[in-house]
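# Geometric and topological summary
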Amino acid sequence: MKAALSSLLSSKSVSLHRSPSSSLSRSIFHSKFLSSPPISLCRKHRANSINFTRIHTGFAPTMAASYRPEQARAPPALSLPAPAVTKFKIGLCQILVTPDKERNIAHARKAIEEAASKGAQLVLLPEIWNSPYSNDCFPVYAEDIDAGGDSSPSTAMLSEASRLLKITIVGGSIPERSGDRVYNTCCVFGTDGKLKAKHRKVHLFDIDIPGKITFMESKTLTAGETPTIVDTDVGRIGIGICYDLRFQELAMIYAARGAHLLCYPGAFNMTTGPLHWELLQRARAVDNQLYVATCSPARDAGAGYVAWGHSTLVGPFGEVLATTEHEEAIIIAEIDYSLIELRRTNLPLSKQRRGDLYQLVDIQRLNSQ
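As the structure is a prediction and not an experimental result, all values here were calculated from the model.

### A word on the overall build of the protein
Within the protein, the secondary structure is distributed over ten helices and 17 strands. Per-residue burial over the protein gives 47% buried out of 369 residues. Long-range pairs, those at least 24 residues apart, make up 70% of the contacts in the protein between residues at least 6 apart in sequence.

Pasting the structure below:
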């Protein structure tokens, strides 16, 4: 038996090389060699329940040129666009949210003005900054963003502030009413005060950790349908809201669309915040080799939902560039886009992706072609 097995291992009839043919022929190859009946040696010893299949120990080394990295994303990844500025300051406004909507709006405006006075050209607000974070409150505090004016005092303030201060504002998120639906929505305003993009939270926060936290956004909120990427005076920005941070596919789509920076207004809680908040930000940054900025409400221990805080800026090497604790704070930090190219040269992931093995499909871009 040992002699027979030795003969089998050295036999030229067992192919150890990848077929260079199409995916169909590769499928036939796997069908023939991985699903074939046991060879005669196995039948001879079937009584002892010993089964030998054709031994498939690996393929010959694959050259990098055959990885087809350009096919790892469909459509292919866009080149990183040249931003209008290479270096600029970002302001993260970690503010306290109360049940008083007018107070929240005035307080957010004051924080934006303070960040701008310290040199911030881009200001980021927290998730649900004009309302308590509660299913009971979302429909009550919701605004008709498309109608604007008195129908949406929160976004009217953001528009005016961005125009007067000549800054870009990623306006955290507020409850948005559209018809009979309510969304968790982030609005981006340009330096001219005009609405440049609107992102509706794609992944709803439905979790149940017994004895810790249970929350079901889907009781009152509707999920958004599209990724959101926007060109601004401070670069190309991909937008996500809180729970969106957990899904690396969304960040990968933004990276493939040429994003320089991902902004996630969020409100992680006291259970998942200590474990996952910074971890996920650093993961999204290092996976995609770009900047990630997050902004949380300040912690209110007496609120029905208690936010973790710790608003943070992470660089393209996964390094924490700026962060804070849980109290109110205005964080000012510098972003230097030249570091993106440097890190992508240091670690050339775009040239090493295995398009021959896997593929990320951006349905929105694919359908627009």
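### Structural notes on helix α6 (residues 153-165)
The end-to-end C-alpha separation of α6 is 18 Å, in line with the 18 Å expected for 13 residues at 1.5 Å each. Within the span of α6, buried status applies to S154, T155, M157, L158, A161 and S162. Looking straight down α6, one finds its buried side chains confined to an arc of 150 degrees; they lie on one side. The elements touched by buried residues of α6 are α4 (101-117), β4 (168-170), β5 (174-178) and β6 (181-189). Looking one or two residues beyond α6, the residue adopting positive phi is K166, at roughly 60 degrees.

### Examining the confidence of the model for the protein
Mean pLDDT for the protein: 87, with 82% of residues reaching 70 or above. Predicted confidence is poor over residues 1-60, with pLDDT under 50, and the contacts of this stretch with residues over four places away or in other chains come to 46 contacts.

### Re empty space enclosed by the protein
A probe matching the size of a water molecule, rolled over the atoms, marks out where space remains unfilled. All told, the structure shown has two cavities of 30 Å³ or more when counted by the stated rule. Lining the second largest cavity we find F205, C242, Y243, R246, F268, N269, T272 and Y305. A breakdown of the residues in the lining of the second largest cavity according to their chemical character gives five nonpolar, two polar and one charged.

### Description of the pairing of strand β13 (residues 291-295)
Most of β13 is tucked away, with five of its five residues classed as buried. Judged by which residues are buried, β13 turns out to be covered on both faces: Y291, A293 and C295 on one side and V292 and T294 on the other are all buried. Where strand β12 (residues 261-265) meets β13, five bridges bridge the pair, whose relative direction is parallel. Within β13, the position partnered with C263 by the bridge is A293.

Conventions adopted
Residues numbered from 1 in each chain as written. Predicted model: local features only at pLDDT ≥ 70, side-chain atom pairs only at ≥ 80, totals over all residues. Heavy atoms only, no water. Helix = DSSP H or I, 4+ residues; strand = E, 2+ residues; numbered from the N terminus. Buried < 20%, exposed > 50% of the residue type's maximum accessible area, 1.4 Å probe, protein only. Contact = heavy atoms within 4.5 Å. Expected span 1.5 Å × (residues − 1). Arc of directions from axis to C-beta. pLDDT = per-residue confidence, 0-100. 1 Å grid on protein atoms, 1.4 Å probe; cavity = no way out; pocket = protein on both sides within 12 Å on 5 of 7 lines; lining within 4 Å. Points joined across faces, edges and corners; volume = space filled by probe spheres on them. Nonpolar A, V, L, I, M, F, W, Y, C, P; charged D, E, K, R; others polar. Pairing = 2+ DSSP bridges.

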